[in-house]
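Structural overview for review
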Amino acid sequence: MSRALPKYNKRRVVVIGAAAALALTGAVVVNSALAGESSKGGATNAQTLAAGPGTITCPDVASQLPAVPATAKAEVDRNLALLQTQINEANTRLQNTVGQGGPNFVQNAILGPLKGKRESTIDRIAISIGRKGTKPQGLNALAGCALNAGGAANNGGAAAPAAGNAGNNANAGNNANAGNKGNAGNAGNAGNAGNANGVGTITCPDVASQLPAVPATAKAEVDRNLALLQTQINEANTRLQNTVGQGGPNFVQNAILGPLQGKRESTIDRIAISIGRKGTKPQGLNALAACQLNK
């Protein structure tokens, strides 16, 4: 018995040693794996933080304006402030829609509508100045904005953020796009063009039939805006045809109907202003701005 005991102890030591070595090897493997995963996770997080959606920048409008008559200053300032608001809203939407839509989503659903709004608002600024002075020309060249992947949003000119950032303030879509607004009446007819390809057509409420008596001095301008409404409806239906299959389920609303409504609101507003200069300004016409897709 005294000779067997040492052999037994030796075997037990060997077994215990092997088990310890195996456990140590497993720990090394596990730690290596965890380290690898941690490294991967760190890299992924770094990429996520680095790849932001960017910011939208627009040309400054305020710095390009001529002297503003005192009687027009309040209205011009309101529109410049609105330009800034719209830029802020566009950047907020840019942040909130990361990953949505197709490759043209930002252009179709954010930059395009923003340009339309800016065109309208800038136009309203020019009209305001022109009532008591010389109407500035060529300002709509400042309407287009761009997506800068790494920069901060250009508010359109820090010198006049409250009033001067025409790009940001001038929500052209909501105020100025007379073409879309005026053509409210014809919109329904224009929309029917889309039926040929089965994608449906865009129809809009008639505006002309809802107008009061138009003063003779305002008739030419009102007619121009009504014709522009029809043109915009036609363009919307053409775009509807040409973008079949693009974007996600909300593409038509975001990229076509939404911008069209903004343009119509602006044009209808211009019609009302034109009538109101020599008569009673009609109220509630913007209720006719929204259009719909009929399939």
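Because the structure is a prediction, the values reported are computed rather than measured. (Residues numbered from 1 in each chain as written. Predicted model: local features only at pLDDT ≥ 70, side-chain atom pairs only at ≥ 80, totals over all residues. Heavy atoms only, no water.)

**Quick look at the packing of helix α8 (residues 219–242) against helix α9 (residues 251–278)**
In contact at an axis separation of 9 Å, α8 and α9 are set at 175 degrees when each is read in the N-to-C sense. Taken together, the axis directions place α8 and α9 in an arrangement best described as roughly antiparallel. Note on element contacts: α9 touches α8 through V252, A255, I256, L260, K263, R264, T267, R270, I271, S274, I275 and R277, opposite E221, V222, N225, L226, L229, Q232, I233, A236, R239 and L240. Each residue belonging to the contact of α8 with α9 can be placed in one class, and the counts come to 12 nonpolar, 4 polar and 6 charged. (Axes fitted to C-alpha atoms, helices over the stretch in contact; angles between N-to-C directions. Helix = DSSP H or I, 4+ residues; strand = E, 2+ residues; numbered from the N terminus. Parallel < 35°, antiparallel > 145°, perpendicular 65-115°, else oblique. Contact = heavy atoms within 4.5 Å. Nonpolar A, V, L, I, M, F, W, Y, C, P; charged D, E, K, R; others polar.)

**Describing the pattern of salt bridges**
Enumeration over the complete set of coordinates arrives at 6 salt bridges. In this structure, K73 and D77 form a salt bridge, with 2.8 Å as the shortest nitrogen-oxygen distance. Here K73 and its partner D77 are both found in helix α2 (residues 73–96), 4 residues apart, which amounts to about one turn of the helix. On the basis of relative accessibility, which here comes to 46%, the residue K73 falls in the partly exposed class. (Salt bridge = Lys/Arg side-chain N within 4 Å of Asp/Glu carboxyl O. Buried < 20%, exposed > 50% of the residue type's maximum accessible area, 1.4 Å probe, protein only.)

**Structural notes on the nonpolar core**
One finds V61, L65, V76, L80, I122, I125 and L139 to be the most contacted residues of the largest nonpolar core, which totals 14 residues. Going through the elements one at a time, α2 and α3 (105–132) are the ones with two or more residues in this core. Residue contributions to this core peak at 4 residues, all from α3. Beyond its immediate chain neighbours, meaning those up to four positions away, L65 contacts V76, L80, I125, I129 and L139. Counting 13 residues, the second largest nonpolar core, distinct from the first, contains L229, I271, A272 and I275. (Core = buried A, V, L, I, M, F, W, Y, C linked by side-chain atoms within 4.5 Å.)

**Quick notes on the state of the cysteines**
With the rule as written, the count across this model stands at 2 disulfides. Sulfur-sulfur distance for the disulfide between C58 and C145 comes to 2.0 Å. Judged by the torsion about the S-S bond (110 degrees), the C58/C145 disulfide is right-handed. Note that C58 is positioned in the loop between β1 (55–57) and α2 and C145 in the loop between α3 and β2 (146–148), a separation of 87 residues in sequence. Of the residues examined, C58 reaches a relative accessible area of 3% and is grouped as buried. (Disulfide = S-S within 2.5 Å.)

**Here we look at the side chain of S128**
Secondary-structure assignment places S128 in helix α3. Of the polar contacts made by the side chain of S128, one reaches the backbone oxygen of R124; its length is 2.9 Å. In this view, S128 contacts A72, E75 and V76; residues no more than four positions away in its chain are not counted. (Polar contact = N/O pair within 3.5 Å; in protein donor to acceptor, adjacent residues only side chain to side chain.)

**As for α2**
Note: α-helices contain 3.6 residues per turn, so residues at a spacing of three or four share the same orientation. With 24 residues, α2 should cover 34 Å at 1.5 Å per step; its first-to-last C-alpha distance of 35 Å lies within 8% of that length. Buried within α2 are the following residues: E75, V76, N79, L80, L83, Q84, Q86, I87, A90, N91 and L94. (Expected span 1.5 Å × (residues − 1).)

**So, the confidence of the model for the protein chain**
Taken residue by residue, the protein chain gives an average pLDDT of 73. The fraction at 70 or more is 66%. Throughout residues 20–51 the model reports pLDDT below 50, and contacts reaching past four residues in sequence, or to other chains, amount to 0 contacts. Contacts for the low-pLDDT stretch residues 151–197, under 50 throughout, to residues beyond four places or in other chains number 248 contacts. (pLDDT = per-residue confidence, 0-100.)

**Considerations on α8**
Compared with an ideal rise of 1.5 Å per residue, which puts 24 residues at 34 Å, α8 spans 35 Å between its outermost C-alpha atoms and is within 8% of the ideal. All of the buried residues along α8 are E221, V222, N225, L226, L229, Q230, Q232, I233, A236, N237, L240 and Q241.

**Thoughts on the environment of Q246**
By the element assignment, Q246 lies in the loop between α8 and α9. A C-alpha to C-alpha distance of 8.9 Å links Q246 and F105, two positions 141 residues apart in sequence. Setting aside residues up to four positions removed in sequence, Q246 forms contacts with N104, N108 and F251.

**Things to note about the packing of α3 against α9**
Running from N to C, α3 and α9 cross one another at 10 degrees; their axes reach a closest spacing of 8 Å. Taken together, the axes of α3 and α9 are roughly parallel relative to one another. Here F105, N108, A109, P113, S120, D123, R124, I127 and R131 of α3 come into contact with α9, specifically with F251, N254, A255, P259, S266, D269, R270, I273 and R277. Grouping the amino acids of the contact of α3 with α9 by side-chain chemistry returns 8 nonpolar, 4 polar and 6 charged.

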